[in-house]
Amino acid sequence: MRQGRLLSEIAKATGGVLHGGDRRISHLSIDTRQPFPQEGTLFIALGGKHHDGHRYVAEARQRGVKAFLLRSGDPPLEAGESAVVVVDTLKALQALAAWHRAQFNFPVVGITGSNGKTVVKEWLSQLLAPEERIVRSPGSWNSQVGVPLSVWAISTADTLGIFEAGISEAGEMDALARIIQPTLGIFTNIGPAHGANFPDDRAKAEEKVKLFRSSRSVVFCIDNKVVREALSTLPGVELVGWGRAGNASLRIVNERIETDGTRLTLARAGHEFELSVPFIDSASVENALHCIALLLHLGHAPETIATRLRTLRPVSMRLELLPGLNNGTLLNDAYSNDLSSLTIALSQLARTSVGRPKTVVLSDIAESGEPPAELYARIAGSLRAAGVEHLIAVGPGLKAQAKLFDASTLFYADAEQLLHAHPEPPVNGAVTLVKGARSFGLERVVARWEERTHGTVMEVDLEAMRHNLNHYRELCGPQVRIMAMVKAGGYGSGAVELARFFAHEQVAWLGVAYADEGIELRRQGIRTPVLVMNPEPVPMETVHRYRLEAEVYDRRSLKSALDFAEHVADAPAVHIKLDTGMHRLGFMPNEVPELLEALRGTKQLRISSILSHLAASEDPAHDAFTREQIGLFRQLSAAISEALGYSPLLHIANSAGATRFPEARFDMVRLGIGLHGIGADAQETALLQPVETLRTVIAQIKDIPAGDSISYGRRARTTGATRIAVLPIGYADGLSRKLGEGKGRVWINGQEARTIGAICMDMCMVDVSGLHCALGDDAVVFSPAHPVQEYARDLGTIPYEALTAISPRVKRVFVHGG
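Basis of the calculations
- Position labels on residues start from 1 in each chain and follow its written sequence.
- Two thresholds apply to this predicted model, a pLDDT of at least 70 for residue-level local features and 80 or more for giving and counting side-chain atom pairs, whereas whole-chain, interface and lining totals are computed over all residues.
- Note: side-chain values were computed over all heavy atoms of the structure, leaving out hydrogens and water.
- Secondary structure follows DSSP: runs of H or I at least 4 residues long count as helices, runs of E at least 2 residues long count as strands, and numbering of each begins at the N terminus.
- The globule rule used for comparison is 2.2 Å times the number of residues to the exponent 0.38, while the radius of gyration itself is calculated over C-alpha atoms.
- Each residue gets one of three labels from its accessible area relative to the maximum for its type: buried under 20%, exposed over 50%, partly exposed in between, using a 1.4 Å probe on protein chains only.
- Residue contacts are defined here by distance: any two heavy atoms, one from each residue, within 4.5 Å place the two residues in contact.
- Positive charges come from Lys and Arg alone, negative charges from Asp and Glu alone, with His and the N- and C-terminal ends not counted.
- Each charge is placed at NZ for Lys, CZ for Arg, CG for Asp and CD for Glu.
- Here the arc refers to the directions that run from the helix axis out to each C-beta atom.
- Classification of ring pairs uses Phe, Tyr and Trp, with its six-membered ring standing for Trp, and accepts pairs whose centres are within 6.5 Å; under 30 degrees between planes counts as stacked, over 60 as edge-to-face, and the remaining range as tilted.
- Two limits define a charge over a ring: the Lys NZ or Arg CZ must be within 6 Å of the ring centre, and within 35 degrees of the ring normal.
- What makes a salt bridge here is a side-chain nitrogen of Lys or Arg within 4 Å of a carboxyl oxygen of Asp or Glu, nothing more.
- For two strands to be treated as a pair, DSSP must find no fewer than two bridges joining them.
- The angle between two axes is taken between their N-to-C directions and runs from 0 to 180 degrees, where each axis is a line fitted to C-alpha atoms and a helix contributes only its stretch in contact.
- Whether a crossover is right-handed comes down to one check: with the strands pointing away from the viewer, does the path from the first strand over the helix to the second run clockwise; if it does, it is right-handed.
- Only buried residues count toward a nonpolar core, which is a set of Ala, Val, Leu, Ile, Met, Phe, Trp, Tyr and Cys residues joined through side-chain atoms within 4.5 Å.
- Definitions for this section: a left-handed crossing has its near helix turned counterclockwise from the far helix by less than a right angle. A right-handed crossing has that turn clockwise.
- Working definition: a disulfide is two cysteine sulfur atoms within 2.5 Å of each other.
- Pairing of N or O atoms within 3.5 Å defines a polar contact, subject to two protein rules: one partner must be a possible hydrogen donor and the other a possible acceptor, and residues neighboring in sequence count only if both atoms are side-chain atoms.

Visitor: Would you mind going over the overall build of the chain with me for this structure?
Guide: Scanning the chain for helices and strands turns up 27 helices and 41 strands. Its C-alpha atoms give the chain a radius of gyration of 29 Å, near enough to 28 Å, the size a compact globule of 818 residues would have. Projected onto the principal axes, the alpha-carbon positions of the chain cover approximately 90 × 85 × 60 Å. For the chain, the residues scored as buried account for 55% of the 818 residues in total. Here the analysis covers contacts within the chain between residues at least 6 apart in sequence; of these, 66% occur between residues at least 24 apart. Charge-centre separation for the chain: the mean point of 86 positive side chains lies 2 Å from the mean point of 91 negative side chains.

Visitor: Teacher, can you tell me more about helix α1 (residues 7–14) here?
Guide: Since the α-helix turns once every 3.6 residues, residues separated by three or four places project in the same direction. Residues Leu-7, Ile-10, Ala-11 and Thr-14 constitute the buried set of α1. End-on view of α1: buried residues confined to an arc of 100°, all on one side of the axis. Downstream of α1 by one or two residues, Gly-15 has phi in the positive range, about 70°.

Visitor: How should I be thinking about the environment of Leu-295 in this particular structure?
Guide: Note that Leu-295 resides in helix α9 (residues 282–297). Owing to a relative accessible area of 1%, Leu-295 belongs among the buried residues under this scheme. In this structure, the C-alpha to C-alpha distance between Leu-295 and Leu-578, residues 283 residues apart in sequence, is 66 Å. Leu-295 has contacts with Leu-124, Leu-127, Leu-128, His-300 and Ile-305, leaving out every residue within four places of it along the chain.

Visitor: Quick question: what am I supposed to make of the packing of aromatic side chains here?
Guide: Aromatic ring pairs are described here by two measures, namely the spacing of the ring centres and the angle between the planes. Overall, the coordinates contain seven aromatic pairs when judged by the stated rule. Relative to Phe-106, the ring of Phe-104 lies with its centre 6.0 Å away and its plane at 45°, an arrangement referred to as tilted. With respect to class, Phe-104 is no different from Phe-106; both count as buried. A cation over an aromatic ring shows up here: Arg-63 above the ring of Phe-36, its NZ or CZ 4.1 Å from the ring centre.

Visitor: Could you clarify how one ought to interpret the pattern of salt bridges in this entry?
Guide: Where charged atoms from two side chains of opposite charge approach closely, those side chains can pair. Under the counting rule described, the total for this entry stands at 40 salt bridges. Glu-663 is the salt-bridge partner of Arg-627, the closest N and O atoms lying 3.9 Å from each other. Of this pair, Arg-627 sits in helix α23 (residues 623–644) while Glu-663 sits in the loop between α24 (655–660) and β31 (668–671), and the two are 36 residues apart along the sequence. Its relative accessible area of 48% is what places Arg-627 among the partly exposed residues. Where Asp-794 meets Arg-745, a salt bridge forms, and the shortest distance between an N and an O atom there is 2.9 Å.

Visitor: How do you make sense of the sheet that holds strand β36 (residues 722–727) when you look at a structure like this?
Guide: Two strands in a sheet stick together by hydrogen bonds in their backbones, pointing the same way (parallel) or opposite ways (antiparallel). With antiparallel pairing, the three strands of this open sheet are ordered in space as β33-β36-β39. In this open sheet, the two strands that pair with only one neighbour each are β33 (700–704) and β39 (764–767). Direction aside, the axes of adjacent strands within the sheet are offset by 30° on average. The sheet contact formed by β33 and β36 spans five bridges and is antiparallel. Note that in β36 the partner of Gln-700 across the bridge is Val-726.

Visitor: Would you mind going over the pairing of strand β10 (residues 160–164) with me for this structure?
Guide: The side chains of a regular strand alternate between both faces of the sheet. For β10, the buried fraction is high: five of the five residues fall into the buried class. Every second residue of β10 is oriented toward a common face, with Leu-160, Ile-162 and Glu-164 on one face and Gly-161 and Phe-163 on the other, all of them buried. Bridging between strand β8 (residues 108–112) and β10 involves four bridges; their strand directions are parallel. Bridge assignment links Val-108 to a residue of β10, and that residue is Gly-161. Two elements, strand β9 (residues 134–136) and β10, share three bridges in a ladder whose sense is parallel. Within β10, the residue paired with Val-135 across the bridge is Gly-161. In this view, the connection linking β9 to its parallel neighbour β10 by way of helix α5 (residues 146–151) has right-handed handedness.

Visitor: What is the right way to look at unusual backbone geometry in this model?
Guide: The phi angle of most residues is negative, glycine excepted, and most peptide bonds adopt the trans form. Of note, the phi angle at Phe-666 is positive, near 45°, even though the residue is not glycine. Mapping Phe-666 onto the fold places it in the loop between α24 and β31. We note that Arg-714 has phi near 55°; this positive angle belongs to a residue other than glycine. By the secondary structure assignment, Arg-714 is in the loop between β34 (709–710) and β35 (716–717). Note on Arg-714: relative accessible area 48%, which makes it partly exposed.

Visitor: Explain the side chain of Thr-626 to me, please; I cannot follow it from the model alone.
Guide: Structurally, Thr-626 can be placed in helix α23. Residue Thr-626 is classed as buried on the basis of its relative accessible area, which comes to 0%. Leave out the neighbours within four places in its chain, and Thr-626 touches Leu-614, Ala-616, Ser-617 and Phe-661.

Visitor: What is the right way to look at the nonpolar core in this model?
Guide: As a rule of thumb, soluble globular proteins bury nonpolar side chains together. In this structure, Phe-502 and Leu-510 are the most contacted members of the largest nonpolar core, which totals 129 residues. Not counting residues up to four positions away in its chain, the partners in contact with Phe-502 are Met-465, Leu-469, Ala-484, Val-486, Val-507, Leu-510 and Leu-675. Membership of the second largest hydrophobic core comes to 38 residues, among which are Val-109, Leu-184, Val-219 and Leu-289.

Visitor: Help me out: how do you make sense of the sheet that holds strand β25 (residues 509–512) in this one?
Guide: Taken in spatial order, the eight strands line up as β30-β29-β28-β27-β26-β25-β24-β31 in an open sheet, and their pairing is parallel. Strands at the two margins of the open sheet, each flanked by one partner only, are β30 (649–651) and β31. Here the strands of the sheet are splayed against their neighbours by 25° on average, with no regard to which way each runs. Here strand β29 (residues 607–611) pairs with β30 via three bridges, running parallel. Across the sheet, residue Leu-611 finds its bridge partner in β30, namely His-651.

Visitor: Looking at this structure, I do not really get the packing of α9 against helix α10 (residues 302–309). What am I missing?
Guide: In a pair of packed helices, the angle between the axes and the distance between the axes together describe the arrangement. Close contact between α9 and α10 brings their axes to 10 Å; oriented N to C, the two are set at 145°. Viewed along their axes, α9 and α10 form a crossing whose handedness is right-handed. Only Pro-302, Ile-305 and Leu-309 of α10 make contact with α9, whose side of the interface consists of Ile-292, Leu-295 and Leu-296.

Visitor: Would you take a moment to explain the state of the cysteines for this structure?
Guide: Two cysteines joined by a covalent bond between their sulfur atoms form a disulfide. A complete count under the given rule lists zero disulfides for this structure. In this structure Cys-773 is a free cysteine whose sulfur lies 13 Å from that of Cys-764, the closest cysteine sulfur available.

Visitor: Help me out: how do you make sense of the side chain of Arg-101 in this one?
Guide: With respect to the element layout, Arg-101 can be found in helix α3 (residues 89–101). Among the polar contacts listed, one links the side chain of Arg-101 to the backbone oxygen of Phe-104, at a separation of 2.8 Å. Other than its neighbours up to four places away in sequence, Arg-101 contacts Phe-106, Val-108, Val-151, Ile-154, Ile-179, Ile-180, Gln-181 and Thr-183.

What follows is the structure in structure tokens.
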């Protein structure tokens, strides 16, 4: 389908009406912020809970788009433009994808389940690549929008499709099943993920199996009773179950962990054989068994599968954002390279760059099945559409097509030649995407160009952050603005990158504690309005120079703002802080009459907002006091608005206030800890996604005899032979000394390991007696599986303090989901 589809065909498939001339469409776009070619792009104006794509038609037009999919009654076309007008643009997108899928007859694997979908899809693609030309979901595109966009990529050159399907509520799978039309299926497992809108796992499994109603066969784990019973309701579908049960099509006879992976003894059709999976964790073994069962079902010999399993590598479902040398940032995607993943990576590059130079280090794409001239012409077009200023090409394939790329492109035979020429990133201050097939070893480029740090890392999941932001947007409604708090280093997670993320997500305001934090955001090119919440005596000229806005909260700060506004025509607006009961900063109620008098006498000073701070919005025991605060705020702010003759924005609610007190949302809410996945209560926290993971690595393992002491002070003594692991994380990294001597814990390969002895400045020791672990294994301090709330409880504090205590020397790695 490289030639695309005609708009007249699209109109027929979607039940729409074509306005303007017919034209051929090869690319679908739903986001004007992402790269796309001008020619052949159809901009689809999707409406949703948090946005309306019709607001961005003009922006798409400015970027050269000439074809649109619009809802009835939307803006008239300009000369030379075309549009298909439909009743519902999302349903039209899904109908288009279903029609497009129906034009192809090759096998398609549909994958659903609570976890493991993306890993199974990527591993199947690796394992089947020698025989098949595979089209698959990019990243984790398994939603009501992601699935149709994935299926649109099917072309006549493909021989096998692999697509994920994810749901979050009843009724969603019917649409995805019509789009994917799988001939084969895999049901990975059932668990708590995305369970908020289902009464139990059984109901969720019954919704998921709708994907397979027209499939020939489905692979699943027969030991999972809920999945087994849900699949048993499908008439005429062959069920290929693997597991330990005696009636399994593929039975696990034995499973043992070895130094380099897991050795499986399997039985199928009366024949026993052994396979090795290069992983030891149970999730990876389960994912591998789904792949093994499908390959056996497709007729592949155990010997062939055994050879290919040895090449499996962990699937990085996220792009890492790393600090680089020369004031740069690295976007690490150095382990795979194909057109679909390149599209995702370029989109993330566009999100991340925010005005900084864009560089791409790109390797050849192998085994695409497409003629090289056509393949690299498409790649060159994608790079131009993404606004990439600097390309570094690695491999003979790219070099052979040099005429397709800009004259400034640098070509190198391999990673070694590149690093010899450029031991550091060649463009100062650039965001550099490193994108390459594993065989080219571009991870060495990342390792060389990355800013040197030790092995302890704070991983920040920006997809989880986006999920949490959208939760509050849906909760508060489109009329309520969002201020995202990025003070205290973004709650310990990295203020600048989080600010860039929130700017991309188009929040109304960013909140910082001190002017220095706001100045740094401006120096990094962030243009979103910034409110300085705790202005020390900083000259108003500094606030003005960096286009910040500050609170006024007493007579002194008000006088400073008034004096500056008298002499500077474009003086920054200010925000009036009221003390309604927190008794921190703010005008007390008895000071408001004097404030009103001062405001009545000025026309120069602009007031952007009036705000206050709730003292205990998360605690039901103080709800009466919270309501008193809200009532007092409403009364005082009304008096101020009357004195001004206009109504500034009003805001008092933090994350918990926004959830528990709808009347406190006013014009804007200030979101902090909720964006990091911690809700007002357990019920809301279950709807949010944890954002941060703090992990380190095992530096050394040693066996300590009975009676020896460990660490400073010799307070810890072994009672028997003890194996310990030394971890490069200590109190200088934010791991409190309170967590020593067994009070703290980490998780290694899913196993709990308690601290032993005192926490040192740069290291700590944990007891790994009886645990399976090795040098270099990750040791997780907190993560989505072991939330920061648990870590904070071990510390005897709150998550705010636990997060903000993590030292700046701990590298922050920002990850983007597919």
